[in-house]
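# Architecture and fold: a report
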Amino acid sequence: MNADTTIRLQPHEIALLRGGPRAAVTVAVVGLHLRGAAEAGRPGTIRAREAVIADAIPGQPPSPLPPLESAVRASLHEPCGLRKLVKRSDVRLAVALMRVPLAEAGLLRYPLLGPTRAARRHVRALRERHVLPTGRRGLTDDDVLLLVALHGEAALRALVPRFALRAGLLARAKVADKGFHGSPRGGGTGGVGHHYCGSGGGGSD
């Protein structure tokens, strides 16, 4: 089945095919942040904001949130970390409902609902078509969401680094060896590639 012609995928759907529920919820959180509907709470948590302001038109109500974003925002009645957020019942239901049309389009397998070969091929083609830039200049919010859906943590570090770090979407940096001696947690390679590039591209996030 040709995914390009059977279904037009939204960023959170692409993220689900690429990285599962956590990736889809991450895109939803970033979408809420870009709309002004969510912000970082206590370190490592996300919280809802009182009003959705980013896409509001004077004299008109803001456009409705996509179902997954709506479920995520409703679940942020108190600051919540990403891991806990993914497990909340409303969010899990929204993800389950997302899977139905994807499975019907031949992009998810029954019964385990992993991505099909066609889905992996489609995501790979999108990644090749939408190369991750070094910063956010010139990108629309829709561009940012698509890139986060396709490139995951690398896109978070490049495009919304401050929010992603404060909200717990990225692991905090391990202290580098340079300039710090005798740290019992030094050594190891587990943190390589997951550090926070706070001075890298990105403008306001």
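Below, the structure is looked at part by part. (Residues numbered from 1 in each chain as written. Predicted model: local features only at pLDDT ≥ 70, side-chain atom pairs only at ≥ 80, totals over all residues. Heavy atoms only, no water.)

### Brief notes about helix 3 (residues 21–35)
Quick note on the threshold: Helix and strand assignments come from DSSP, with helices taken as H or I runs of at least 4 residues and strands as E runs of at least 2, each series counted from the N terminus. By this rule, a helix spans an expected 1.5 Å times one less than how many residues it contains. Each residue gets one of three labels from its accessible area relative to the maximum for its type: buried under 20%, exposed over 50%, partly exposed in between, using a 1.4 Å probe on protein chains only.
The end-to-end C-alpha distance of helix 3 is 21 Å, a good match for the 21 Å that 15 residues give at a rise of 1.5 Å each. In terms of burial, helix 3 is largely enclosed, as 13 of its 15 residues are buried. Backbone geometry just after helix 3 places glycine 36 at a positive phi near 85 degrees.

### Side note on the pattern of salt bridges
The condition that has to hold: A pair is scored as a salt bridge if a Lys or Arg side-chain nitrogen falls within 4 Å of a carboxyl oxygen belonging to Asp or Glu.
Inspection of the entire model under this criterion finds six salt bridges. For the salt bridge of arginine 47 with glutamate 39, the shortest nitrogen-to-oxygen distance reads 2.9 Å. The exposure class of glutamate 39 is partly exposed, given its relative accessible area of 26%. A salt bridge links glutamate 78 to arginine 88, with the nearest nitrogen and oxygen atoms 3.7 Å apart. You can see glutamate 78 sitting in the loop between helix 4 (67–75) and helix 5 (82–87) and its partner arginine 88 sitting in the loop between helix 5 and helix 6 (89–104), a full 10 residues away along the chain. Overall, glutamate 78 belongs to the partly exposed group, its relative accessible area being 38%. Several salt bridges share partner residues, and in doing so they unite Glu39, Arg47 and Arg49 into one network.

### A short note on the packing of helix 3 against helix 4
What counts is decided by this rule: The axes are straight lines fitted to the C-alpha atoms, using for helices just the contacting stretch, and the angles between their N-to-C directions are given from 0 to 180°. Here the angle decides the label: under 35 degrees means roughly parallel, over 145 means roughly antiparallel, 65 to 115 means roughly perpendicular, and every other value means oblique. Should any heavy atoms of two residues lie within 4.5 Å, those residues are considered in contact. Residue polarity follows a fixed list, in which Ala, Val, Leu, Ile, Met, Phe, Trp, Tyr, Cys and Pro are nonpolar, Asp, Glu, Lys and Arg are charged, and the others, Gly among them, are polar.
As a packed pair, helix 3 and helix 4 sit with axes 9 Å apart at the nearest point and diverge in direction by 80 degrees. If you check the angle between helix 3 and helix 4, you find them roughly perpendicular. Every residue of helix 4 that contacts helix 3 at Ala24, Val25, Ala28, Val29, Gly31, Leu32 and Arg35 is listed here: Leu68, Glu69, Val72 and Arg73. Looking at the contact of helix 3 with helix 4 residue by residue, the classes come out as seven nonpolar, one polar and three charged.

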